Structures are given as C-alpha cells and as structure tokens.
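These are the residues of each chain, in order.
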Amino acid sequence: MPPFCALTRRQLLTAAPAAAVASIAGPVQAATRGIKFGLTPVFLSNDLELLDQLRTFLARRTGLEVVLVQRRTYEEITSLLISGQLTAAWICGYPFVSYREELALVAVPVWRGQPLYRSYLIVDADRHASSLDDLKGDVHAFSDPNSNSGYLVTRAALAKRQWRPEEFFRHSFFTYGHRNVVRAVASGLAQSGSVDGYVWEVISEIEPELTGRTRVLERSELLGFPPVACPRRSQDTPETLALKRALLDMNSDPLGTEVLKELRLDGFSDAKPSVFDGIAAKLALVRSLG
Amino acid sequence: MGVRRPKFTRLNPLQWPLALRVPVLAALMMVTVSAVVTDRVLTRLIDTQNRHLTELSDAYLDGISSAVIPHVLREDIWEVYDALDRAAQRYEGLDIAWTTVTDPVGRVIASSQPRAFPLQTELPDPVRSRLNGASDSATYEDHGVFHVKRELVHQHRVVGAIYAEMRIGTLIEERREVLATLIASNTTLTLLFAIIGYITVRRMMRPIRVLSESMRSGAAGSVTPVPVELIGRPESEFGQLFRRYNSLVQAVAERERLLKSLAEEERLAALGRLASGMAHEINNPIGGMLNAVDSLKRHGDRAAVRETSIRLIEKGLLGIRDIVRSSLATYRHRQDERPLTATDLDDLALLLQPEIKRKNLQLEWRNAMDREIFVPVGGVRDAALNLLLNACAATEPNRTVSFEAAATQDGIELEVRDQGPGMPRAILDYINAPLSQPAPLAPRSGLGLWMVKRFAYEVGGQLEATTRACGGTSVRLKIPERKKPFAKTQEFSHVA
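Keep in mind that this is a model prediction, so the values were computed, not measured. (Residues numbered from 1 in each chain as written. Chains lettered and ligands numbered in written order. Predicted model: local features only at pLDDT ≥ 70, side-chain atom pairs only at ≥ 80, totals over all residues. Heavy atoms only, no water.)

Caption draft 1: Region of interest: the overall build of chain A. Tallying secondary structure elements over chain A gives 12 helices and 13 strands in all. Within the span of chain A, comprising 290 residues, buried residues form 58% of the whole. Considering only contacts in chain A between residues 6 or more positions apart, those separated by 24 or more positions represent 80%. Looking at chain A as shown, the accessible area adds up to about 11,500 Å², and 50% of this sits on carbon and sulfur atoms. (Helix = DSSP H or I, 4+ residues; strand = E, 2+ residues; numbered from the N terminus. Buried < 20%, exposed > 50% of the residue type's maximum accessible area, 1.4 Å probe, protein only. Contact = heavy atoms within 4.5 Å. Areas by Shrake-Rupley, 256 points an atom, 1.4 Å probe, with all protein chains shown as cover.)

So, in structure tokens, the structure goes:
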C-alpha cells in the first residue's frame, strides 16, 4: 500500500466521505482518557489504511482511545489545537513558530537522519528559468497560507527582494495540499509552485510520472521538519506524555516501523524548539515587510 | 419497305427491350428505396447520437455545476480545477477534450486544459463567439467536436459559466461506417435484384420473343409456325398461345394455297376465253381463205382471180400467224432473259382483240415506249394482260378501255383505265394496302389483281388504283428496271 500522497483518484473519491465521517464535524468533544490527534491535509493525505495503522499503533502503545482529526487547512487544525480541543497535532513549523507561546513540541519527525527538510520551488519540466527572479508574472501555486515550505519560504524570499506575492506574481492561489501544488504545476494550471521538499521527494518515488512533469528550480536551506505539537498548557498531561513516548519509540515497534516505512521517515526525535529558528527568522522577515 | 426507326434508339429507354427495361426499372426503384432508407437510417442515427450526447453532456454539466458553484463563489481556482479534473475521469461515455469555467465576464477561472486556457484570460474564439451569446444551455456541433455551455446560476445570479468541448469523432466515424455499410449492402442488393430481374424477365419474355420473331417473318411474306420444341408445356399460357398461333398460321397458309389455286383457275378461265376468241379470229380468215381456195378451184385459170385469191390467203395466214405468235409470247416462256420491247406490249392489243370485239368495246392504245427496258417480260405482259382483261370485264359495251405505257427514268409505267362502275372499295383498299393485307375472296373479286400485286411486290414495283372522277377505275403499275441486263437470247423463230 503506498503511503500518503499516493492515493489514486478513485481512492481519493471514496476515501473523502469516509474521512469526513472519521473526522470530527464540529467542535471536538472532550473525551475522558483519550487522545485526539490532529492531522493536516497539507502533510498527510487520506490514506485510510495508513491512518488506521497510525491510530492502531498509537492506541496500542498509549493504551488510550485515539481519535484522528482531519481538517482541510492548517488554520483549522491549529485553531483546534490552540483552543485545547486536540491533545496534539501534526502541524507545520510555520504555525508552530507563529504560536510558540501557546504550543509546545511533542516530537519532530526524522527524515534522512535529521529533523530537517527543505522547501522546493518547482516549475514546469520544460521551462527555461534559473531562479525565483525568472518567475515574475507567473501564476503561482502555494500550498497553504500557514505552510512553511508551501508559502512562507517563498514569501520570505520575495520579501528579501522587497516583493509581495500579489505584486510579484500575476496571480497566485492555494491548493491546500503539497501534492496538489505538484499537480497544478504539472498540468499547467500554475506556472510555478511552492512545495514541501519531503513531499515532492516521496511523490517522485511513488508517482515519478507526476513529478517528472515538474522541475525543482530552487531548494531552500534546511528547516525544521513539520512537528507534532501540543498546547503548552497540556504538555505534561498523561495523554500527551503517552503520545510522546509512543512517537519517540515508534521505530522500535513493528507496526510503528511499518507506519514509518510508509511515511518514508526514520522516526521521531525529541528535538529542541531551536530547530525552528530558521522558520522563525523567515516569519520575522515577512512580518517586518508589513 | 422498312419501318422508319427513330434516331438514337439505344439512348431512348422507351425503345429498349422489355427484358432490359424491367430490370433497369427494378434497379432504379431499388436505388431510390435504398437512398430513402439510407437517408432515414442516417437521420435517425444522427438524432439518436445527438440525443444521447445532449443527455450525457447535460448530466456532465449538471454534475460539474453543482460541484464548482461553491468554489466559483469563493474564487477557489484549485478546487474548481480539481473538480474538473476528477469529473473528466468519471464521465467515460464522453470524450471530453476540455472543460473550462469562467467568471461572469468570461475570464477563465480554471480549465481541465490549463495550458490551452490560462487563468484569467478570455475564452478564445471560436468557442466564445459561438456560445457566449447563448444563455443557460447551448450546444454547437462542428468539425468533429461538440461544444456545450452552461451558465452557473446561484441565487438567481449568473456567477459564471461552464464551457466544454467533446470530441465526437467516434460518432462521426460510426456514421461513416453505417453509411458505407448501407451503400455497400444496398448496392450489392440492387445489383443482385437487377441481375435476377433481368434473367427472370428475359426467361419470361422468351416466348414473346419467339412469337414476335415468327410474326415479323410473317410480315415479310412467309408466315411460319412456332417450332414444336419452343412451345414448351402445352398447358401453360404461352403453350396455348403458341398452339393458337400455329393454328392461325396454318389457316393463313391454307388461304394462300387456296388463293393460288383460285388464281390459277381464273387464269385458265381467261385462257379459255382467249382461246375461244383466238378460234374466232382464226376462223374468220380461214373462212376467207376457204372462199379464196374455192375461187382458185373454179377460176384459178384467170390471173386476176388467182392473184386476188393468193393475196387473200396470204393475208389470212399472216393474221393467223400474228395471233399465234402473240399467244406463244404470252404463255410459252415465263422467265424471259431479254429486255421488254414496245412490240411485246403491242402484241397484247392483238391478243385482246377477240375480247374487245366480243364485248363491242373501243380500245385506246398508247404505247410510248422508246427504249428497251430490263424488266421480267413475261411477268409484265401477264400483269398488263390481267389488268386489261379486268378492265374489259368491268366496262360496259360501247365504252372505252384505255392503255398507256411509257418508259420512265428507272423502269416502266403502265396505266389501264376502264369506264366501268368503279372498283369496289374493298378491292381498292386491298390494292393500295401493304402486301400482308389479306386478299378479298368474293367471286370475281380480282384474283388477277392479287397476282399482279404479288408480282409487283416480288420485283420491287408498285401497284396503285384510283377511282376516276369521270367514272371508272385507273390502275397504275410501276416496275423498276433491273441494273444488270439479261443475256440476250433469240425469242422467236419464224415459225407458225
């Protein structure tokens, strides 16, 4: 079974209503002795089997009831997390640094040996362009306005050049999914896109014909991998601690190993918040531009 | 004389034989029927295809509309594109080339073919010009593609529109295949039916053709029965027709034979009358000669009596010789191998004298022949004598029978006129009609004329009869001269 981002359209169409049922439609109900784990569609697609494996693993390792919660945007998940309706959530570094006072790290995924990844600036495979500067006037696809790799990195790069996206690009839009950014650029809907480098690499393994129609124009510096965070005020609750232990010990469990294999991750680490300083710097740069 | 045929007979279908006309007509009808059937089938096929296409495209647009309206309202480009991209996979019955969603002013929000329809650009011609003016739902078919448009209406406001192009090459190909199949099968069937029709009609028409051939040969002079081997089944319609026809042919042949027999009898009767007249003509000089012989016996010693008697005897003998010579010329040799001379005709006057005298008639004799003419001598003399005897028979005593003969440029022309009561209408019509007309068989109704007419036909001549205004009948006989002269032969020896 392919990992996230590898669903066929048929699977996607059949999975959507099931996922909606699995998720919490309205405000997340507080449960006694349970874990509500939020997932962003930016990072994880609707691979029901993978989600089920993850839920099963977490429930078995923590001994608690685990509910996976999905929403369309980062913003929705972040709001649920900050408001305490979720025990923890797998979010992006950008909302983590944005709400650093309200959030605490639970664990940071390790990819290719370190809790870091890059943002990719991609264009059509046949396009003659050598840098971001060549993309002026493009129709550009972002992933999510609260995504580091799918928005903030490019936004900061433009800020360095004293540009705002709406000025630099002829038109830009959000696809609310890294795989969708790749699809938008590959189909020609967008002439360029900002995408999670980890997601692009995984897709290139699973769907090389899709990424083959795109070309990585620029790679950002290494930045903190999208972390699992929890509300700061509940970072020491038994549920959060149990979740943290489960994630950190994931590569020692057969089912956990299976899930990590599907996710192309090495495991989870107890990384320091300073891992996200690079993202924080970009946020500061963008905010300074106003 | 042959029947005058119209020009370009082969180009005139009305002149074609029935065995050809019927299959051609059947083939034309088949072509017409197949053309109508082909047209109807194709029309129905196109209607059905268009109806299915419209239904499918309506279903497609319905689905797309409900899916994209919320995203169009939010100007969510990705979701509109994603909806179009997913829908393209779901409608397998439609070969969708592209689907494009525009805003109310016609700018592209998203398209399933983004490279062809970039964001925020105007929808290109010719699609826009064809369908932009159309309202809620419109279609346009052209050059193997089918364009549809559906306005996106939300709360009674037009918030955008969907345009789509569907490839209908497979439908057009299907129409072509149906058309080709129809043409091939109809052509095969038409040819098959035409061939079967031709063979069938030809077989059906065979007895008619046999009958027609027999009747055509009959018109040429010799009526022949249909051979037994061609009659077929006697109980069939044509078998019965052939039997009746053969009976008719036998009756005609019998009639012909009877006519010949009667003509011969009349000829013998005429010969008898001539012989009787000749005997009378010979008897008169014999009486004179016997008187002369008696005078010689009694007064032969007197020179004057002797000379007078010898002269009378010589005159009598010369008269007898002329009469006998005329008879010989008429009856002795039928096929003369010499040209006709004026004397040959003048002899007839001598031969006719007994009849003229017997009926106390006047004979006007004008022979203007100034050259020899290569015509059958015996036949012409027979014909002229027949006409003269008929004229004598028809003319009352003390009236006149006229005879005229003249050499023409291409033969000889004879005319015999009488002052009788006029020829009966039936005989007059018979003379002036073609030879195939049956001869009248009334007593003394002119079997001689039948023979004259037959002679004229055989030598390519012409016989005409008219009723004269002053009374009586005029019969005119024209005989053409043969191109090749006869071998000259000695006709008469100076014998009695």
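Picking up where we left off.
Caption draft 2: Structural view of the overall build of chain B. Each helix and strand in chain B was counted, giving 10 helices and 10 strands. By the burial criterion, 38% of the 496 residues in chain B qualify as buried. Carbon and sulfur atoms make up 57% of the accessible area of chain B, which totals about 28,500 Å².

Caption draft 3: Just the confidence of the model for chain B, in detail. Residues and elements named next belong to chain B. Residue-level pLDDT values for chain B average 80, and 85% of them are 70 or greater. Ranking the elements of chain B by mean pLDDT puts strand S3 (residues 137–142) last, at 61, and strand S8 (residues 411–417) first, at 93. Below a pLDDT of 50 lies the segment residues 487–496, which in the model reaches 15 contacts outside its immediate sequence neighbourhood of four places, other chains included. Model confidence for the complex: the whole-complex pTM is 0.59, and ipTM, which rates the interface, is 0.80. (pLDDT = per-residue confidence, 0-100.)

Caption draft 4: Representation of the sheet that holds strand S7 (residues 400–408) of chain B. All names here are of chain B. An order of S6-S7-S8-S10-S9 is seen for the 5 strands of this open sheet, with the pairing classed as mixed. Here the strands that pair on one side only, and so sit at the sheet edges, are strand S6 (362–367) and strand S9 (462–467). Here the strands of the sheet are splayed against their neighbours by 10 degrees on average, with no regard to which way each runs. Pairing of S9 with strand S10 (residues 473–480) involves 6 bridges; the strand directions are antiparallel. Paired with Glu464 across the bridge in S10 is Arg476. (Pairing = 2+ DSSP bridges. Axes fitted to C-alpha atoms, helices over the stretch in contact; angles between N-to-C directions.)

Caption draft 5: Examining the interface of chain A and chain B more closely. The interface of chain A with chain B comprises 18 residues on the first partner and 15 residues on the second. Here chain A packs against chain B, burying approximately 1,500 Å² in sum over the two surfaces, 57% of which is carbon and sulfur. Where chain A packs against chain B, one counts 5 salt bridges. For the salt bridge of Asp124 of chain A with Arg115 of chain B, the shortest nitrogen-to-oxygen distance reads 2.7 Å. Our enumeration of links across chain A and chain B arrives at 8 residue pairs in polar contact (both at pLDDT 80 or more). Among the elements of the structure, helix H1 (9–22), strand S8 (171–174) and helix H7 (178–187) of chain A are those that each provide at least two residues to the side of chain A that touches chain B. Ranked by residue count, the leading element in the side of chain A that touches chain B is H7 of chain A, at 6 residues. (Buried area = accessible area lost by both parts, 1.4 Å probe. Salt bridge = Lys/Arg side-chain N within 4 Å of Asp/Glu carboxyl O. Polar contact = N/O pair within 3.5 Å; in protein donor to acceptor, adjacent residues only side chain to side chain.)

Caption draft 6: Broad picture of the nonpolar core. The biggest cluster of nonpolar side chains holds 119 residues, and the ones touching the most others in it are Phe37 and Phe173 of chain A. Not counting chain neighbours up to four residues away, the residues in contact with Phe37 of chain A comprise Leu54, Leu58, Val67, Leu68, Val69, Ala88, Ala89, Trp90, Val228 and Leu243 of chain A. By size, the runner-up hydrophobic cluster in this structure holds 44 residues, among which are Leu348, Ile356, Leu389 and Ala391 of chain B. (Core = buried A, V, L, I, M, F, W, Y, C linked by side-chain atoms within 4.5 Å.)

Caption draft 7: Focus on the sheet that holds strand S10 (residues 214–219) of chain A. Residues and elements named next belong to chain A. Spatial strand order, S8-S7-S9-S6-S10: 5 strands in an open sheet with mixed pairing. Here the strands that pair on one side only, and so sit at the sheet edges, are S8 and S10. Pairwise comparison of adjacent strand axes, ignoring direction, gives a mean angle of 25 degrees for this sheet. Note: strand S7 (residues 139–142) against strand S9 (residues 192–196), 2 bridges, orientation parallel. Bridged to His140 within S9 is Ser192. Against the sheet, H7 touches strand S6 (119–124), S7, S8, S9 and S10, its axis set at about 155 degrees to S9.

Caption draft 8: Up close: the pattern of salt bridges. Residue and element names in this part refer to chain B. The tally for this structure, following the rule as stated, stands at 35 salt bridges over all chains. Linking Asp347 and Arg381 is a salt bridge whose minimum nitrogen-to-oxygen distance equals 3.9 Å. Of this pair, Asp347 sits in helix H7 (residues 342–359) while Arg381 sits in helix H8 (residues 377–394), placing them 34 residues apart in sequence. With respect to burial, Asp347 and Arg381 carry one shared label: buried. For Arg417, the salt bridge goes to Glu415, with nearest N and O atoms at 3.3 Å. Each member of the pair, Arg417 as well as Glu415, carries the same accessibility label: buried. Several salt bridges share partner residues, and in doing so they unite Glu364, Arg366, Glu404, Glu413, Glu415, Arg417 and Arg476 into one network.

Caption draft 9: Representation of the packing of aromatic side chains. Taken as a whole and judged by the stated rule, the model has 18 aromatic pairs over all chains. Taken together, the ring pairs connect Phe142, Tyr151, Trp163, Phe168, Phe169, Phe174 and Tyr176 of chain A into an aromatic cluster. (Phe/Tyr/Trp six-rings, centres within 6.5 Å; stacked < 30°, edge-to-face > 60°.)

Caption draft 10: Structural view of the side chain of Thr100 of chain B. Residues and elements named next belong to chain B. Tracing the backbone through its elements, the reader meets Thr100 in strand S1 (residues 96–102). A polar side-chain atom of Thr100 sits 2.9 Å from a polar atom in the side chain of Ser111. Thr100 has contacts with Val108, Ala110, Ser111, Phe117, Leu123, Ala161, Ile162 and Tyr163, leaving out every residue within four places of it along the chain.

Caption draft 11: Region of the structure containing helix H10 (residues 238–248) of chain A. If you check which residues of H10 of chain A are buried, you get Glu239, Thr240, Ala242, Leu243, Ala246 and Leu247 of chain A. Down the axis of H10 of chain A, the sector holding all buried residues measures 165 degrees, keeping them to one side. (Arc of directions from axis to C-beta.)

Caption draft 12: Representation of a positive patch on the surface within the structure. A cluster of basic side chains, namely Arg202, Arg203, Arg206 and Arg209 of chain B, defines a positive patch on the protein surface. Of note, Arg203 of chain B is situated in helix H4 (residues 169–219). (Patch = residues over 30% accessible without salt bridge, like charges linked within 9 Å, V, L, I, M, F, W, Y side chains within 5 Å. Lys, Arg positive; Asp, Glu negative; His and termini not counted. Charge placed at Lys NZ, Arg CZ, Asp CG, Glu CD.)

Caption draft 13: Quick look at unusual backbone geometry. Phi at Arg264 of chain A is positive, roughly 60 degrees, even though this residue is not glycine. One can find Arg264 of chain A in the loop between helix H11 (254–263) and strand S13 (267–269). Even without being a glycine, His156 of chain B presents a positive backbone phi close to 65 degrees. Turning to its location among the elements, His156 of chain B is positioned in the loop between strand S4 (145–154) and strand S5 (157–167).

Caption draft 14: Summary view of the packing of helix H5 (residues 148–160) of chain A against helix H12 (residues 277–289) of chain A. All names here are of chain A. Running from amino to carboxyl end, H5 crosses H12 at an angle of 55 degrees, the nearest separation of the two axes being 9 Å. In terms of axis orientation, H5 runs oblique to H12. Here H5 and H12 pass one another in a crossing that is left-handed. Residue-level inspection shows Asn148, Leu152, Val153, Arg155, Ala156, Ala159 and Lys160 of H5 in contact with H12, the latter providing Ile279, Lys282, Leu283, Leu285, Val286 and Leu289. Counted by class, the contact of H5 with H12 contains 9 nonpolar, 1 polar and 3 charged residues. (Parallel < 35°, antiparallel > 145°, perpendicular 65-115°, else oblique. Left-handed = near helix turned anticlockwise from the far one by under 90°. Nonpolar A, V, L, I, M, F, W, Y, C, P; charged D, E, K, R; others polar.)

Caption draft 15: Highlighting the pairing of strand S12 (residues 228–231) of chain A. All names here are of chain A. Where strand S3 (residues 88–90) meets S12, 2 bridges bridge the pair, whose relative direction is antiparallel. Paired with Ala89 across the two strands is Ala229, which belongs to S12. When strand S4 (residues 103–110) meets S12, the two strands line up antiparallel, connected through 4 bridges. Across the sheet, residue Ala104 finds its bridge partner in S12, namely Cys230.

Caption draft 16: Molecular detail of the environment of Arg232 of chain A. Residue and element names in this part refer to chain A. Along the chain, Arg232 falls in the loop between S12 and H10. Spatially, the C-alpha atom of Arg232 lies 5.3 Å from that of Glu102, the residues being 130 residues apart in sequence. Apart from residues lying up to four places away in sequence, Arg232 is in contact with Arg100, Glu101, Glu102, Leu103 and Ala104. Within the structure, the side chain of Arg232 is placed 3.0 Å from the backbone oxygen of Arg100, a separation counted as a polar contact.

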